[in-house]
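# Topology and contacts: notes
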Amino acid sequence: MKKVEQKNIVVMTATITPPPGVLLLARADPAVRLNDYRSALEFYISLLGRSVDGIVFADNSNSNVGVLRDLVREAGVEDRVEFLVFDDLDYAPELGRAYGELRLLEYVMDHSETIREAGPDCVVWKATGRYKVRNLISMIRRRPATFDVYCDMRNQKAPWCDMRVMAWTPSGYDAVLRGLHEGLLGPPDSNLVGEQQLYDLLTPRLGNGKVVASYTVEPLIDGHRGWDNKQWGLGRQRAVYYLRSSQRRLLGKVLI
């Protein structure tokens with residue numbers, strides 16, 4: 001029997017025009033954010049045909065993405081990049097960005113033709129749309145052989161689930177991740193950021209499918225953090241990347 005090709009689809013989550021009042025968001029200028037998304041989209045386009053089979057750019061602020069469509073057209077990849085642009089910000093800003101992103105992802109999984117056409121065996125790689133996962137090809141090629149959900153959950157100093165990049169199959173999404181945002185229907189604990197809330201939401205669901213909760217490869221992130229405008233790839237964060245990479249390679253897990 002011929003082996004079914006497992007396609008890899010990158011979903012770039014985006015809120016080009018954040019609503020007023022969003023908590024912990026320093027990088028809020030729509031023009032600045034749009035430029036971030038354009039740079040990241042250009043990067044992911046360069047990965048098409050190199051382990052990446054398709055891209056879904058999903059913006060929940062119903063913003064003008066003409067400059068992004070122009071980029072795709074000029075690159076000649078209109079058949080491999082799908083835009084989902086819709087208005088999905090009709091919720092209280094204090095619910096936070098984690099709530100909005102999880103709700104956005106549910107819309108994507110329900111409406112993306114790219115994911116549907118990629119088949120039930122495809123792997124969806126969610127990336128925060130302003131960030132470039134510089135070593136995504138390595139993450140794809142060295143991923144676990146089988147999983148329903150592939151993420152990174154740590155509980156050293158504090159519970160944490162990396163929201164910058166995650167992966168799942170369509171069935172894995174339905175079994176483990178669908179409806180997660182409903183757990184945030186209420187004012188969030190001001191002491192818990194989105195990554196901590198996601199850890200708490202995911203933990204009770206870990207037995208619903210095969211969840212691999214530790215990366216094989218530490219993601220190399222390039223981009224400005226939304227909450228403080230600092231660059232992931234510089235200074236202390238770069239040192240943390242090298243330390244965690246070494247720990248994963250030598251110990252199979254991270255200790256920080």
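Described below are features of the structure shown in this document. (Residues numbered from 1 in each chain as written. Predicted model: local features only at pLDDT ≥ 70, side-chain atom pairs only at ≥ 80, totals over all residues. Heavy atoms only, no water.)

## Details of the pairing of strand β1 (residues 8-14)
Counted residue by residue, β1 has 7 buried out of 7 residues, so it is predominantly covered. Going residue by residue along β1, you find Asn8, Val10, Met12 and Ala14 tucked away on one face and Ile9, Val11 and Thr13 tucked away on the opposite face as well. In this sheet, strand β4 (residues 123-128) lies alongside β1 in parallel orientation, the contact comprising 6 bridges. Bridge pairing in β4 places Asn8 opposite Val123. (Buried < 20%, exposed > 50% of the residue type's maximum accessible area, 1.4 Å probe, protein only. Helix = DSSP H or I, 4+ residues; strand = E, 2+ residues; numbered from the N terminus. Pairing = 2+ DSSP bridges.)

## Quick word on empty space enclosed by the protein
Scanning the entire structure with this criterion turns up 1 cavity of 30 Å³ or more. Here the largest cavity is characterised by a volume of approximately 60 Å³. Every residue along the wall of the largest cavity is listed here: Leu102, Leu105, Glu106, Met166, Trp168, Tyr173, Leu177, Gly179, Leu180 and His181. Sort the elements by how many residues they give to the lining of the largest cavity and helix α3 (residues 96-111) lands first, with 3 residues. (1 Å grid on protein atoms, 1.4 Å probe; cavity = no way out; pocket = protein on both sides within 12 Å on 5 of 7 lines; lining within 4 Å. Points joined across faces, edges and corners; volume = space filled by probe spheres on them.)

## Quick word on the layout of surface pockets
One number sums up the size of the second largest pocket: a volume of about 210 Å³. Along the wall of the second largest pocket there are 13 residues; nearest its centre are Asp53, Asp79, Arg80, Thr114 and Glu117. Breaking the lining of the second largest pocket down by element, the ones donating at least two residues are β3 (81-85) and α4 (113-118). Counting residues per element, the lining of the second largest pocket draws most heavily on α4, which supplies 4 residues. Split by residue class, the lining of the second largest pocket holds 3 nonpolar, 2 polar and 8 charged. (Nonpolar A, V, L, I, M, F, W, Y, C, P; charged D, E, K, R; others polar.)

## Looking at the pairing of β4
Along β4, 6 of the 6 residues are buried, which leaves the element largely enclosed by surrounding structure. Side-chain alternation along β4 places Val123, Trp125 and Ala127 on one buried face and Val124, Lys126 and Thr128 on a second face that is also buried. Pairing geometry for β4 and strand β9 (residues 165-168), over 4 bridges, is antiparallel. Counted as the bridge partner of Lys126 is Met166 from β9.

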